[in-house]
Amino acid sequence: MSRSTLLPVLTLPNPIVLLPTARIQLSLDEDVGTHLIELVQRSEVQLVIGTVPCTSPTTIHPWGTAARVVRVVRPISRASQRVYHVTLHGLSRIHFPDTSSGPFAPNELIELRAEYPPADGPPSPESIAPFRAAASKLLDSLAQDATQQSRRDVYVKISHMIEEVSDDRAPWMADVIVAGINKVEYADKLAYLSAAGSDDRLRRATELFVKQASITEVTKKIAQSIDESLSKQQKEFFLRQQLAAIQRELNNLNRPPGAANAPGPGSAPSIGSSSDLDDNEQSEADDMAEIKAKIEAMAKDSEERKMAVREWKRLQRIPSGSVEHGVIRNYLEWITSIPWPSSAAYADVTNNDKLRDRAFLANARRQLDEDHYGLEKIKKRLIEYLAVVRLKQLQAEREARSPSDAIVPVTPPPNSELEGNKASRRRVEGDATSRALALIQKALNSKPTAGASQSDVGANDEVKDRQLVKVPHPAKPPSGGPKQQRGAASKAVKGPILLFVGPPGTGKTSLGQSIARALDRPFQRISLGGVRDEAEIRGHRRTYVASGPGSIVQALRKAGRPDPVILLDEVDKIGQSNFHGDPAAALLEVLDPEQNHSFNDHYINVPIDLSQVLFICTSNSLETISAPLLDRCEIIQLSGYTYDEKIHIANKFLLPKQLKANGLTPEHVSLTQPALMHIATHYTREAGVRSLERAIGAVVRYKAVEWAEYSDSTGITDIAALPSLEKSEGKTYKKVVEEHELEKILGIARWDEEELHREERRGLVYGLVVTGMGEGGILPIETTAVPGSGQLKLTGSLGEVIKESGELALSWVKSHAYDLYITKLRSQDPLKFPEPIDIHLHLPSGAVKKDGPSAGIAMTCAFVSLLTGACVPTNIAMTGEVTLRGRVGPVGGIKEKVLGAHRAQVTKVILPWANRKDVEHDVPLEVRAEMQFVFVRTMEEVLEAAFGKGVLNWRGNMVVMESRL
């Protein structure tokens, strides 16, 4: 019957386990040590406490050990946090029936109810005999490996004690030996501690002894094989050093007499000196061995391995001085440096731990918010994109995961394909390492019985020829071959190709970098601006001199992983088709998810799997991109920033960046909010923030010069010691930059007159435009009447479409001239009665090409204003296409145009009725709150919104007839 008692119990941290008969020393903090001293002082006899291992930070093991407190010492030094040392001696096993009252923490002294197990009878002879044999074998092995004579004598004495000890004391002897072995795993110690019965304890001890003996024997074999390999390498190294010394002496003999003491470019290095630039035979052999190892790591029967093996055999047959030798060597270096998804050399490089993390999307959203302000719709689409990548990866892992763990034998071929006939070839060091890993894996995975013999540990020949690789079920899917691994990976990451379209400076490139950081993948950028040769994408064929792979393969080599994030920058500026080929057509295969799993580079000439690569393209416009290339991309529009967004970006990103770049801190310079707003509205006019950053940089540099001069003149180098402006005498330094100081620093504002003093005059209307770089703005439409013959003259570098819009607008005005009281009869032409005139319409910035139908209603209003004398207020801008019937059609670029009008301080915008959804979906809420939008269907509504209600007089008996043809 077990005996129960209440004991103070000390929780032991992982991996400490106190077994009976063992003695350990622990370090305790001040609270636990003080409590233990109090218990020792209150106890009349030597204090006995319980110890229990903590299997996790909150749980304990149900079995522990009753231990006697031998000594409690407080060292003199207080450098460590744990200030007490306690020595415990294990007595017997105890059981804790209640381990669910936690949580428990390591190195705590608590009270728990413990049960002493009942006394067990003597063990059976069936368990004693294997125990004695296994223990004797292990102790003999330890005695042979011991380097000190005293330790060897201890092992021999314990071995004699095992033979002489009685059967009743055999369990006690098992506790002594198990406690004395240092290399027993934590789980095995816990399992042995739980064995309360004598037979169970001896059986577990026998298993531990057999396992330790097997590991010791395997370690001997590994050490012996490594010693043999090292001895051969040392001999080869010695001979090569002798050969290098002889070569240096020969070079000294052949050197001219005048150059004996003058070091020059061709002089040999001194004996014993080493440099990374030395090109000796040792480094050449190392490079060739590395290339060979990478070829061996390629997947069996893969195209890249077949090509590499064929070229390797050619390289062995060609003399090293031949030109072809260098060409083949260069090709082998390139083909082995590509991260092939099926290669064993890059099997562990791909890291998808971030995708498995449940907080992946939250971390990605936080990363995007840290790198960019605003762009909420863009961030939403990127989060959707990352979510799809994560779900596909997890789905591919679930499909590739096997139902149970498996031991997969990997049998290397008996004769390597790369073995030649040269007797001087070195042995690759990875062979000994792979055999050592196989021996250790077999020893750890084997479960020998009590009667296991030395032959059960593993036959030497079989272990050398086969490698056992254990594939655990929950950790990673088993690699069932290169084809399965490549298919799972490509299915995991195949997704749409994103194309970021927007003005310069809106964060397209940095968005790609944020995606790479969120996925924990390498980022590579390929600039396609001005690329006019197809070979720069696909590479040159090996028949050309100085040929090489294309930019895609070069980016893969730099990334070092088969799944990088590659940014194809400025795809709209790629060269057009010429006699060098069409580089845009070469991108079709790269950016097609259904084809890029077998991308063919002309130099490598082996299909390359690009399906794991995340391609992101950037562009400023879509007009110059071919339709097939656009069809392969998912277009994401990035419009310009509002003023509020620019102010936040300046405070959060631009100003700290410029302060750091110019050697200042936020304590040296600070800009007020009105000053930043003045810079954004009067010194910059762009959709992005690059000009804003340059203007802020100019302000910071001005203050840097001012601070440097002040510091040199006063000797104050610490900004904290700067006196206040009231107490300072003489030269002062003011760290706050206010709005009225900007003109002195940045000069006269560039857009001051246009924004604040727009002219309100007859025949002048402001329209909305989108520039070729994707930026929005306002454009004045000027009209004037000159004597003539009733003709319309259009100037300002106008295209055919916008000229037709002008003719349509004038035709509509002529047809409604009588209704607007411009003429007295319907048959009269307003350009010929009462006097013949010509109308001249001009759009400023004549050097800039202009085209498109969106200026129709603005031109119509300009003609009406010119002929009626009514003026359109300067705070009104408009855009929309007009038809002959007077209908207003929808136009594009609404967000860019509205943001441009907002930057120009326009408060009222007239837009087509069909574009109201674009305003609601794309225009930021703060911009909509500051502007008035009028959505119109007909020209009558346009004129009423532009000139005001009741300004233009319409004849009351106006009849509108519409054709039904």
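All of these numbers come straight from a predicted model, not from anything done at the bench.

All right, on to the overall build of the chain then. For the chain, the helix and strand inventory stands at 31 helices and 26 strands. Within the chain, the proportion of its 965 residues that are buried is 45%. By sequence separation, contacts in the chain at least 24 residues apart represent 76% of the contacts at least 6 residues apart.

Ranked by internal contacts, the top residues of the largest apolar core, which has 56 residues, are Leu382, Phe500, Leu519, Leu671, Ile679, Leu692 and Ile696. For this core, the leading source of residues is helix H23 (residues 690-714), giving eight residues. A domain split of this core shows at least three residues from each of domain 4 (344-398 + 491-640) and domain 5 (643-715 + 733-746). With residues up to four places along the chain from it excluded, the contact list for Leu671 reads Leu655, Leu676, Ile679, Val699 and Val737. Ala308, Val531, Leu630 and Cys633 belong to the second-largest nonpolar core, a separate cluster that totals 51 residues.

Let us look at the sheet that holds strand S25 (residues 908-912). Strand order in the open sheet formed by seven strands is S20-S21-S19-S18-S22-S25-S26, with mixed pairing between adjacent strands. Edge positions in the sheet fall to strand S20 (792-795) and strand S26 (932-936), since each of these pairs with one other strand and no more. Pairs of neighbouring strands in the sheet enclose a mean axial angle of 30°, with direction left out of account. Of the strand pairs in this sheet, S25 and S26 are connected by five bridges, and their pairing is parallel. Residue pairing across strands places Lys908 opposite Gln932, the latter belonging to S26. Against the sheet, helix H28 (residues 894-903) engages strand S18 (764-770), strand S19 (776-787), S25 and S26, with an angle of about 80° to S19.

Turning to the sheet that holds strand S11 (residues 565-569), a few remarks are in order. Taken in spatial order, the five strands line up as S10-S11-S14-S9-S15 in an open sheet, and their pairing is parallel. In this open sheet, the two strands that pair with only one neighbour each are strand S10 (523-527) and strand S15 (633-637). Strand-to-strand, the axes of this sheet are offset by a mean angle of 25°, without reference to chain direction. Across four bridges, S11 lies against strand S14 (residues 614-619) in parallel orientation. In the strand pairing of S14, Leu567 is matched with Ile616.

Before going further, it helps to examine the packing of aromatic side chains. Applying the stated criterion to the full structure yields six aromatic pairs. Geometrically, the ring pair formed by Phe131 and Phe209 is tilted, given 5.8 Å between the ring centres and 35° between the ring planes. On the criterion of sequence distance, the pair formed by Phe131 in helix H2 (residues 125-145) and Phe209 in helix H6 (residues 198-254) is long-range, its members being 78 residues apart. Neither residue differs from the other here; Phe131 and Phe209 are each classed as buried. Following the ring pairs from residue to residue traces out a cluster consisting of Trp707, Tyr710 and Tyr733.

The residue after Asn14, namely Pro15, is reached through a cis peptide bond having omega 10°. For Pro15, the location among the structural elements is in the loop between strand S1 (3-12) and strand S2 (23-28). Note that the residue after Phe833, namely Pro834, is joined by a cis bond; omega there is 0°. Tracing the backbone through its elements, the reader meets Pro834 in the loop between helix H26 (800-815) and strand S21 (837-842). Residue Asn605 is not a glycine yet carries a positive backbone phi of 60°. Examined against the element boundaries, Asn605 turns out to sit in the loop between strand S12 (599-600) and strand S13 (607-608). Residue Asn605 is classed as partly exposed on the basis of its relative accessible area of 47%.

Looking at where Lys294 falls in the secondary structure, it is placed in helix H7 (residues 281-297). The class of Lys294 is partly exposed, set by a relative accessible area of 26%. In sequence terms Lys294 and Ser343 are 49 residues apart; their C-alpha atoms lie 8.3 Å from each other.

A separate point is a nonpolar patch on the surface. Where nonpolar side chains cluster on the molecular surface, the patch consists of Ile246, Leu250 and Leu253 and spans about 320 Å² of accessible area. On the secondary structure map, Leu250 appears in helix H6.

What follows covers the pairing of S14. Counting buried positions along S14 gives six out of six residues, so the element sits mostly inside the fold. Taking every second residue as pointing to the same face, both faces of S14 are buried, with Leu614, Ile616 and Thr618 on one and Phe615, Cys617 and Ser619 on the other. Across four bridges, strand S9 (residues 497-501) lies against S14 in parallel orientation. The partner of Leu499 across the bridge, within S14, is Cys617.

Okay, helix H18 (residues 551-559) next. By the burial criterion, the buried members of H18 are Ser551, Ile552, Val553, Ala555, Leu556 and Ala559. One or two steps after H18, the chain reaches Gly560, where phi turns positive at roughly 75°.

Glancing now at a negative patch on the surface. A contiguous patch of negative charge, built from Glu800, Glu804, Glu807 and Asp851, is present on the exposed surface. For Glu800, the location among the structural elements is in helix H26.

Tracing the backbone shows Thr860 in helix H27 (residues 856-868). Under the relative-accessibility criterion, Thr860 is labelled buried at 0%. Setting aside its immediate chain neighbours within four residues, Thr860 contacts Ala809, Trp812, Val813, Val882 and Met939.

In this section: the environment of Ala695. Relative to the assigned elements, Ala695 resides in helix H23. On the basis of relative accessibility, which here comes to 10%, the residue Ala695 falls in the buried class. Sequence spacing of Ala695 and Tyr683 is 12 residues, and the spatial spacing of their C-alpha atoms is 7.5 Å.

Okay, the confidence of the model for the chain next. Mean pLDDT over the chain works out to 79, with 81% of the residues at or above the 70 mark. Between residues 404-416, whose pLDDT stays under 50, and residues either more than four places distant or in other chains, the model counts 25 contacts.

Another point: the pattern of salt bridges. In total, this model carries 33 salt bridges according to the counting rule given. Note that Arg314 and Glu311 form a salt bridge whose closest N and O atoms lie 3.3 Å from each other. Placement of both Arg314 and Glu311 in helix H8 (residues 303-317) is noted, with a separation of three residues, approximately one turn of the helix. With relative accessibility at 4%, the residue Glu311 sits in the buried group. A cluster of three or more residues bridged by salt bridges with shared partners is formed by Asp200, Arg203, Arg204 and Glu207.

About the thresholds
Residues numbered from 1 in each chain as written. Predicted model: local features only at pLDDT ≥ 70, side-chain atom pairs only at ≥ 80, totals over all residues. Heavy atoms only, no water. Helix = DSSP H or I, 4+ residues; strand = E, 2+ residues; numbered from the N terminus. Buried < 20%, exposed > 50% of the residue type's maximum accessible area, 1.4 Å probe, protein only. Contact = heavy atoms within 4.5 Å. Core = buried A, V, L, I, M, F, W, Y, C linked by side-chain atoms within 4.5 Å. Domains from an automatic or database assignment. Pairing = 2+ DSSP bridges. Axes fitted to C-alpha atoms, helices over the stretch in contact; angles between N-to-C directions. Phe/Tyr/Trp six-rings, centres within 6.5 Å; stacked < 30°, edge-to-face > 60°. Patch = residues over 30% accessible without salt bridge, like charges linked within 9 Å, V, L, I, M, F, W, Y side chains within 5 Å. Areas by Shrake-Rupley, 256 points an atom, 1.4 Å probe, with all protein chains shown as cover. Salt bridge = Lys/Arg side-chain N within 4 Å of Asp/Glu carboxyl O. Lys, Arg positive; Asp, Glu negative; His and termini not counted. Charge placed at Lys NZ, Arg CZ, Asp CG, Glu CD. pLDDT = per-residue confidence, 0-100.

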